[in-house]
Amino acid sequence: MSSRTGRSTGRTTGRTTAPTTGRTDEGHGRLGSVLSGVAVALGCVLFLGGFAWGAVLYQPYTVPTTSMAPTIAAGDRVLAQRIDGDDVRRGDVVVFRQKAWGDLPMVKRVVAVGGDEVACCTHGKLTVNGKEIAEPYLSRGTRPATTGIPATTVPKGRLFVLGDERNGSLDSTAHLEEAGNGSVPRSAVKGRVDAVAWPLDGMLDRPTGFDALPGGTSEPGPLRLLVTAVVAGAVLVLGGAAYGPVAKRVRRGRGGPGRSGAGEAAAGVG
């Protein structure tokens, strides 16, 4: 009697244990596959979407001269956000194209806008509407203007621009005798430089010397958000794609799903 009971118990245990373990491992595997697929899909959206959005908003330019040193060196590749000239504020580094200046893309810093009076130098500093402007982006020992700037009123709808390397920059100071008092029209602006893409110097610092003037300074574009989206997308794609091989290797290390349970079942039946 006891022998039959033992055999019956062995059969029952073997038959129930193996299928339960197999279903559990199979369920976990399916869930992992679904999640990895979702991660890859979301990653592709972020990665490709970030690049596509960036291509719409930003235009790369190569700066050929040292006129914006030390902020931007010769040969640096910058990313300029495509903006309307009316959105330009004092302190912005802009890319513009002016026929009277050679009709080539140029990169300069806006120091005054229409209606401002700009001059140099009071106490060794540039002044805008009588306010002395702190310019930490200049190299140590660099004068705000090599020959001085007589008090000049910027016409409405125009911008007064200077290079950060004041000793060798062909900027508004070189065109003071021309129409517009050396300024360029806002419509000539092609973009606002947000970052140096190569070498990887990152986002340009926002100048604070113009904060107290009417209109303030502009906020940087969404470049940080775009970079974050691209990086996050790449991580999700790589992580999701790696799930399959990693999970397979783990199963092999464990001897495969349900194998130990099947062994117990066979032993019970025998």
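Now for a quick tour of the structure. (Residues numbered from 1 in each chain as written. Predicted model: local features only at pLDDT ≥ 70, side-chain atom pairs only at ≥ 80, totals over all residues. Heavy atoms only, no water.)

A few words on the pattern of salt bridges. The final tally for this structure, using the stated rule, is seven salt bridges. With its nearest N and O atoms 3.6 Å apart, the salt bridge here joins Asp194 to Arg192. Put simply, Asp92, Arg192, Asp194 and Arg206 are held in one network by salt bridges that share partners. (Salt bridge = Lys/Arg side-chain N within 4 Å of Asp/Glu carboxyl O.)

A word on the nonpolar core. In terms of nonpolar packing, the biggest core is built from 17 residues, with Val111, Val118, Leu126, Ile149, Phe160 and Phe210 touching the most fellow members. Counting residues per element, the ones that place at least two in this core are strand S4 (105-113), strand S5 (117-122), strand S6 (125-128) and strand S9 (158-162). In contact with Leu126, other than residues within four places in its own chain, are Val111, Val118, Ala119, Cys120, Lys131, Glu132, Ile133, Glu135, Pro144, Ile149 and Leu162. In this structure, Ile83, Phe96, Val113 and Ala188 belong to the second largest nonpolar core, which totals 13 residues. (Core = buried A, V, L, I, M, F, W, Y, C linked by side-chain atoms within 4.5 Å. Buried < 20%, exposed > 50% of the residue type's maximum accessible area, 1.4 Å probe, protein only. Helix = DSSP H or I, 4+ residues; strand = E, 2+ residues; numbered from the N terminus. Contact = heavy atoms within 4.5 Å.)

Counted according to the given criterion, the structure contains two aromatic pairs. On the basis of an interplanar angle of 70 degrees and a centroid distance of 5.1 Å, the ring pair of Phe47 and Phe51 is categorised as edge-to-face. A residue pair is termed a helical-turn pair when its members lie 3 or 4 positions apart in one helix, as Phe47 and Phe51 do in helix H1 (residues 2-57) at four residues. Judged by centre distance (5.4 Å) and plane angle (80 degrees), the ring pair of Phe96 and Trp101 falls under edge-to-face. The class of Phe96 is buried, set by a relative accessible area of 0%. One cation-aromatic arrangement involves Arg109 over Tyr137; the distance from NZ or CZ to the ring centre is 3.7 Å. (Phe/Tyr/Trp six-rings, centres within 6.5 Å; stacked < 30°, edge-to-face > 60°. Lys NZ or Arg CZ within 6 Å of the ring centre and 35° of its normal.)

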